[in-house]
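# A look at the structure
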Amino acid sequence: AATSQEKSSGRSGGLASPPTIDRQTAIDVNPPRGTRDFPPEDMRLRNWLFQNFREVSRLFAFEEVDFPILESEALYTRKAGEEITEQLYGFEDKGGRRVALRPELTPSLARLVIQKGQSLPHPIKWFAVGQCWRYERTTRGRRREHYQWNMDIIGVFDVTAEAELISSVVTLFKRLGLTESDVGFKVSSRKVLQAVLQRYSIPEELFGEVCVIIDKMEKIPMEEVEKKLVALGISVEAINGLLQVLALKSLPDLEEALGSAEDAVADLKQLFSLAEQYGYSQWIQFDASIVRGLSYYTGVVFEGFDREGKLRAICGGGRYDHLLSMFGGTDSPACGFGFGDAVIVELLKDKGLLPDLSPEVDDIVFPIDQQLQGSASMIASRLREKGRSVDLVLEQKRLKWIFKHAERIKASRLILVGEAEWQKGMVRVKNLSTREEQDVKVDELS
Ligand SMILES: OCc1cccc(Br)n1
């Protein structure tokens, strides 16, 4: 019999040729440079990862929020030489407004907190999973978009907030099968830097820029770092004092260098003691060189890293107590982190921890012949009402194709709608793992 495709083309034999369309030039079927498609297999992995983000956020009683990917450029035009603002994906829209694809979520969160004003009960515990963008020079061929999981706590002065945030990332890592021998957190506080800058009476307003320069220490040659600091008017003596403190790797050494009265020392001692109580002290270590690259951090900063040292930071975060006033709002103490969707997948791949995710179809419903297509649709609807995921075969196929298809989508059952059984108000149900098959009354199908 002619297949439905052959019928529609009015030709039998050979494949039906597509209707002619006036296509001048073929489009580029690849996504724009630096961006990704998510075909089903990749989408299943992404959904699995995001489901873990959401489940951990639920465990920590955070509420989900979201914001537009497009924001006013003004949210990001900080003058601290940050990579994230230098690579801003900004443009002028048709209304002449300067807008940008968001490079991070925190400014949007700050904007919403200000918009909602004091009506919001504090502390605010919000999370978001959102796509973020940068315009990276293609020379480095790096991506221009990634998805970030963010968790933020607004309204808590104490480092109990940071301890809670780090605990949530530890929880995520454990859910993904990672242990403290795979990953860890380097933890410090920008108050360390602040204390040193004060000792050399370096003006407070240089703080953000100095942090951004120090953060580049691992990425650019030391002499360039020093040149940038000197360009800010910082003396060589101060720079040496800075570099000495930044080399500290133990809290006792920090206490010795700064004295126990310093906030940085007290904060970090409390944080490490809380980590003990949470049970994740094996996951964290003090490292004064950690400053992170966002200018608005003001206190504790941390980043997740892979202990083999092969990958870029897995996640990063910290305290940002003055971000709201940067946008004209009233300051609230705040801290949060961003966790990208790329490095973690590379790490899971390296560790052989990527899950085997297959499509989850319960039933294939197949009308043996064309006249039973309507009956098959009725069967499919009944099964769907019972919550079964049903792949209804929509065109005549040979049984050989059906079994191959069932194998490919890992269906658990094949429901054959055939004339003889249908006359008796039944369908043939084949269990595709046990190969058992039986006729089942339509009314008893579940
Ligand atoms: O973490 C920096 C960043 C921001 C936006 C997009 C991408 Br890819 N990466």
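Per chain, residues are indexed from 1 in the order of the written sequence. It should be noted that, the model being predicted, local features are given only for residues of pLDDT at least 70 and side-chain atom pairs only at 80 or more, the latter also being counted only at that level, while totals for whole chains, interfaces and linings use all residues. Only hydrogens and water are set aside when side-chain values are computed; all heavy atoms of the structure are taken into account.

### Observations regarding empty space enclosed by the protein
Quick note on the threshold: The definitions used throughout rest on a 1 Å grid laid over the protein atoms alone, on which a cavity is an enclosed set of points accommodating a 1.4 Å probe that cannot get out and a pocket is an open set flanked by protein within 12 Å on both sides along at least five of seven lines; lining residues are those having an atom within 4 Å of a point. Grid points are joined across faces, edges and corners, and a volume is the space filled by probe spheres set on the points. To qualify as a helix, a DSSP run of H or I must reach at least 4 residues; to qualify as a strand, a run of E must reach at least 2; elements of each kind are numbered from the N terminus. Polar here means any residue outside two lists: the nonpolar Ala, Val, Leu, Ile, Met, Phe, Trp, Tyr, Cys and Pro, and the charged Asp, Glu, Lys and Arg; Gly therefore counts as polar.
For the coordinates displayed, the defined rule picks out one cavity of 30 Å³ or more. Lining the largest cavity are Gln-194, Leu-197, Gln-198, Ile-202, Glu-204 and Phe-207. Ranked by the residues each element gives to the lining of the largest cavity, the list is headed by helix α6 (residues 190–199), at three residues. Split into classes, the residues belonging to the lining of the largest cavity amount to three nonpolar, two polar and one charged.

### What about the site of the ligand?
This is how the line gets drawn: Near, as used in this document, describes a residue that has one of its heavy atoms within 4 Å of the molecule or strand being considered. Polar contact criterion, stated in full: a pair of N or O atoms within 3.5 Å, where within protein one must be able to donate a hydrogen and the other to accept it, and residues adjacent in sequence count only if both atoms are side-chain atoms. For every accessible area listed, the method is Shrake-Rupley and the probe measures 1.4 Å; residues are considered covered only by the protein chains on display.
With respect to spatial proximity, the complete set of residues near the ligand consists of Pro-103, Cys-132, Trp-133, Arg-134, Arg-143, Arg-144, Glu-145 and His-146. The side chain of Arg-134 places a nitrogen or oxygen atom 3.3 Å from a nitrogen atom of the ligand. For the ligand, the protein covers 80% of the area, taking 290 Å² as the surface of the free molecule. Of all the secondary structure elements, the ones that give two or more residues to the shell around the ligand are β5 (124–133) and β6 (145–154).

### A word on the pattern of salt bridges
Put simply, the rule is: Salt-bridge detection follows one rule: a side-chain nitrogen of Lys or Arg within 4 Å of a carboxyl oxygen of Asp or Glu. Residue burial is assigned from relative accessible area. The probe radius is 1.4 Å, only protein chains are included, and a residue is buried under 20% of its type maximum, exposed over 50%, and partly exposed in between.
Counted under the stated rule, the structure contains 32 salt bridges. The closest approach of N and O atoms between Glu-55 and Arg-58, which form a salt bridge, is 2.7 Å. Of this pair, Glu-55 and Arg-58 both sit in helix α2 (residues 40–59), three residues apart, roughly one helical turn. Under the relative-accessibility criterion, Glu-55 is labelled buried at 19%. For Arg-58, a relative accessible area of 52% gives the class exposed. Measuring nitrogen to oxygen at the nearest pair gives 2.9 Å for the salt bridge that ties Glu-255 to Lys-269. Here the residue Glu-255 occupies a position in helix α10 (residues 251–258), and Lys-269 occupies one in helix α11 (residues 263–278), the gap between them amounting to 14 residues. Judged by relative accessible area, which is 24%, Glu-255 ranks as partly exposed. When its relative accessible area of 41% is taken as the criterion, Lys-269 is described as partly exposed. Salt bridges linked by common partners bring Asp-182, Glu-308, Lys-310, Asp-350 and Lys-351 together as one network.

### Focus: the sheet that holds strand β15 (residues 426–431)
The cut-off we apply is this: In this description, strands pair whenever DSSP reports at least two bridges between them. Lines fitted to C-alpha atoms define the axes here, with helix axes fitted over just the stretch in contact, and angles between the N-to-C directions of these axes take values from 0 to 180 degrees. Whether two residues touch is decided by their heavy atoms; if any such pair falls within 4.5 Å, the residues are in contact.
Pairing within the open sheet is mixed, and its five strands lie in the order β13-β12-β14-β15-β16. Here the strands that pair on one side only, and so sit at the sheet edges, are β13 (390–392) and β16 (437–441). Geometrically, the sheet is characterised by an average inter-axis angle of 25° between neighbouring strands, direction not taken into account. Sheet topology note: the β15/β16 ladder contains five bridges and is antiparallel. Residue pairing for β16: Lys-430 is matched across the bridge by Glu-437. Where helix α14 (residues 373–385) meets the sheet, it contacts β12 (363–367), β13, β14 (413–417) and β15, and its direction lies at approximately 170° from that of β13. Running over the sheet, helix α15 (residues 399–408) touches β12, β13, β14 and β15 and is turned about 170° from β12.

### Some remarks on the state of the cysteines
To keep it simple, the criterion reads: Cysteine sulfur atoms are paired as a disulfide whenever they fall within 2.5 Å.
Considering all chains together, one arrives at zero disulfides under this definition. Here Cys-211 stays unpaired: no disulfide links it, and the sulfur of Cys-335, its closest cysteine neighbor, is 17 Å away. Cysteine Cys-335 is unpaired, with the sulfur of Cys-315 as its nearest cysteine sulfur at 14 Å.

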